[in-house]
Each structure stands twice: as structure tokens, then as C-alpha cells.
Amino acid sequence: GEGIFLKFNNEALLEWENKDFVQERLGRMQENLKNYFDTFSIDNGLQSISARYVLLHTLSHIIMQQLAIDSGYNLSSLTEIIYCNKPYEEEQMNGILIYTSSSDSEGTLGGLVEKGEPNQLASIISKAVDKAKWCSSDPLCITSKGQGFLTTNMAACFSCVMVAEICCENINKFFDCKLVLNFFDIESL
């Protein structure tokens, strides 16, 4: 197989994580998760999620979708690994690995290697982020206060971010396009 690894600047992420908007969105996701488990009297040990993880996970999906379009790979042949520390861990991890999950000829076409070149990858990320500004389920999706499994997704649905669960490391949980747009300083609804 083949893949692309993206590493993000820790200082930029730290500065972004401390914004009020980011903390407000993350707080809402954490509250939704807590309410879900409280409703069913389940002791879940409240899964540690961070704004950083939500950003990297959402960005991974929108990049995977754009890579599938630009490289010719079927989206279901791509998968992800998000390298992100838990909020309580000192070591900082800020990476996304997108790779072919197929061991047949679909996984060795060379399309990801070519698209991983800096000049091509920048264009793919730019197109992916630009595409994240619009969802065919808007205004419902972009204004959502919790949707999807365990209501842990904010501005994210199958029309814009979610992919087949075999491609996702976290069964389509913890997404928010508004956080991605905020990170790239793009206005959204």
C-alpha cells in the first residue's frame, strides 16, 4: 500500500485550541456525550476528546474525500490513523496518516504518492477545506448542536464529512466542520 502523513505545527494548534469559539464547540460536544451516557445510567469514564482531535479527524475525512476524487482511488479503499495525544498527556502528537487499506492492485496504483507531493497536496487541502464550507444538508448541518452517533458530531453529516465506517478509525464520531473553517480562518454560516 501507500500513504500520506501530515504533521501539524503544535504552536499553531495550541493557540487555536485556546480560542473561546473552539472551547465553546468542544464543550458542547462533551456535554452531549455526557448527557447520552447519563440518560442510560452508563459509567463511561467520559471519553477524553480534545478540540485538536476533532480538528484532525474532521480534516482527515475531508482530505480523504478530496484525495479519492483527485487520485482516482475509491474512497472505501482509503483509511486513516489520527495521531493525537489525550488532553492529559504531555507528549504532543499532531498528525494524520491517510493510506490505502486494500492489499490488491487498488492499493498500489501510486496515486497517493503522487498526490503527496507538496505542490499537489497543498491544492488538495485547499480544495477540501473550500468544499467543507458547503453541505447539501445546510442549514441543518452547519447549525447542528449535536447529531450522529451519541450526538458527538456538530457541523458534520454523511453529505459533507462522514465516510463508510471501514474508512474511519472512530466510527464517524467527533467531527465539526466549523472548527476546521475556524482553524483556517474562513467564515462559515
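Residues numbered from 1 in each chain as written. Predicted model: local features only at pLDDT ≥ 70, side-chain atom pairs only at ≥ 80, totals over all residues. Heavy atoms only, no water.

Visitor: Hey, could you run me through the overall build of the protein in this one?
Guide: Within the protein, the secondary structure is distributed over 6 helices and 3 strands. In the protein, the order of α-helices and β-strands from amino to carboxyl end is β-α-α-α-β-β-α-α-α. Split into buried and exposed, the 189 residues of the protein put 47% on the buried side. Pairs at least 24 apart in sequence give 67% of the contacts found in the protein among residues at least 6 apart. (Helix = DSSP H or I, 4+ residues; strand = E, 2+ residues; numbered from the N terminus. Buried < 20%, exposed > 50% of the residue type's maximum accessible area, 1.4 Å probe, protein only. Contact = heavy atoms within 4.5 Å.)

Visitor: I'm lost on a nonpolar patch on the surface in this one. Help?
Guide: Taken together, the side chains of F5, Y83 and M93 make up a nonpolar region of the molecular surface, amounting to roughly 270 Å² of accessible area. Take M93: it is sitting in the loop between β2 (78–84) and β3 (94–100). Judged by relative accessible area, which is 32%, M93 ranks as partly exposed. (Patch = residues over 30% accessible without salt bridge, like charges linked within 9 Å, V, L, I, M, F, W, Y side chains within 5 Å. Areas by Shrake-Rupley, 256 points an atom, 1.4 Å probe, with all protein chains shown as cover. Salt bridge = Lys/Arg side-chain N within 4 Å of Asp/Glu carboxyl O.)

Visitor: Could you clarify how one ought to interpret the side chain of N10 in this entry?
Guide: For N10, the position within the fold is in helix α1 (residues 10–17). Setting aside chain neighbours within four positions, we find N10 in contact with R52, Q92 and N94.

Visitor: What is the right way to read the layout of surface pockets from this model?
Guide: If a probe as big as a water molecule is rolled over the atoms, it shows which places are left empty. Taken as a whole, the largest pocket spans an internal volume of roughly 160 Å³. Along the walls of the largest pocket sit 13 residues, with E17, S50, R52, N85 and P87 positioned nearest its centre. Secondary-structure elements contributing two or more residues to the lining of the largest pocket are α2 (20–39) and α3 (51–71). Within the lining of the largest pocket, the residues separate by chemical class into 5 nonpolar, 4 polar and 4 charged. (1 Å grid on protein atoms, 1.4 Å probe; cavity = no way out; pocket = protein on both sides within 12 Å on 5 of 7 lines; lining within 4 Å. Points joined across faces, edges and corners; volume = space filled by probe spheres on them. Nonpolar A, V, L, I, M, F, W, Y, C, P; charged D, E, K, R; others polar.)

Visitor: Help me out: how do you make sense of empty space enclosed by the protein in this one?
Guide: If you walk through the whole model with that rule in mind, you get 1 cavity of 30 Å³ or more. Within this model, the largest cavity holds a volume of roughly 50 Å³. Taken together, A132, K133, W134, C135, D138, C141, I142, A155, A156, C160 and C177 form the lining of the largest cavity. In the lining of the largest cavity, the residues fall into 9 nonpolar, no polar and 2 charged.

Visitor: Looking at this model, I keep getting lost on the packing of α1 against α3. Mind explaining?
Guide: Helix packing geometry: the angle between the two helix axes and the distance between the axes. Two elements in contact, α1 and α3, have axes whose closest approach is 10 Å; the angle formed by their N-to-C orientations is 115°. As for the relative orientation of α1 and α3, their crossing is right-handed in sense. For the pair α1 and α3, contact is made by N10, L13, L14, W16 and E17 and by A51, R52 and L55, respectively. (Axes fitted to C-alpha atoms, helices over the stretch in contact; angles between N-to-C directions. Left-handed = near helix turned anticlockwise from the far one by under 90°.)

Visitor: Is there a simple way to explain helix α5 (residues 118–131) in this structure?
Guide: What sets the pattern is the α-helix's 3.6 residues per turn: residues three or four places apart point alike. Over its 14 residues, α5 extends 20 Å from the first C-alpha to the last, a length consistent with the 20 Å expected when each residue adds 1.5 Å. Packed against the buried residues of α5 are β1 (3–7), α3, α4 (111–115) and α6 (177–183). (Expected span 1.5 Å × (residues − 1).)

Visitor: Which parts of the structure should I look at to understand the sheet that holds β3?
Guide: Within a sheet, adjacent strands bond to each other through the backbone by hydrogen bonds, running parallel or antiparallel. Across the sheet, which stays open at both edges, the 3 strands sit in the order β1-β3-β2 with antiparallel pairing between neighbours. Across the chains shown, the open sheet's two edge strands, defined by having one partner strand only, are β1 and β2. Looking at each pair of strands side by side, their axes are set apart by 15° on average, direction ignored. Inspection of the sheet shows β2 paired to β3 by 7 bridges, in the antiparallel sense. By the bridge assignment, E80 is partnered in β3 with I98. (Pairing = 2+ DSSP bridges.)

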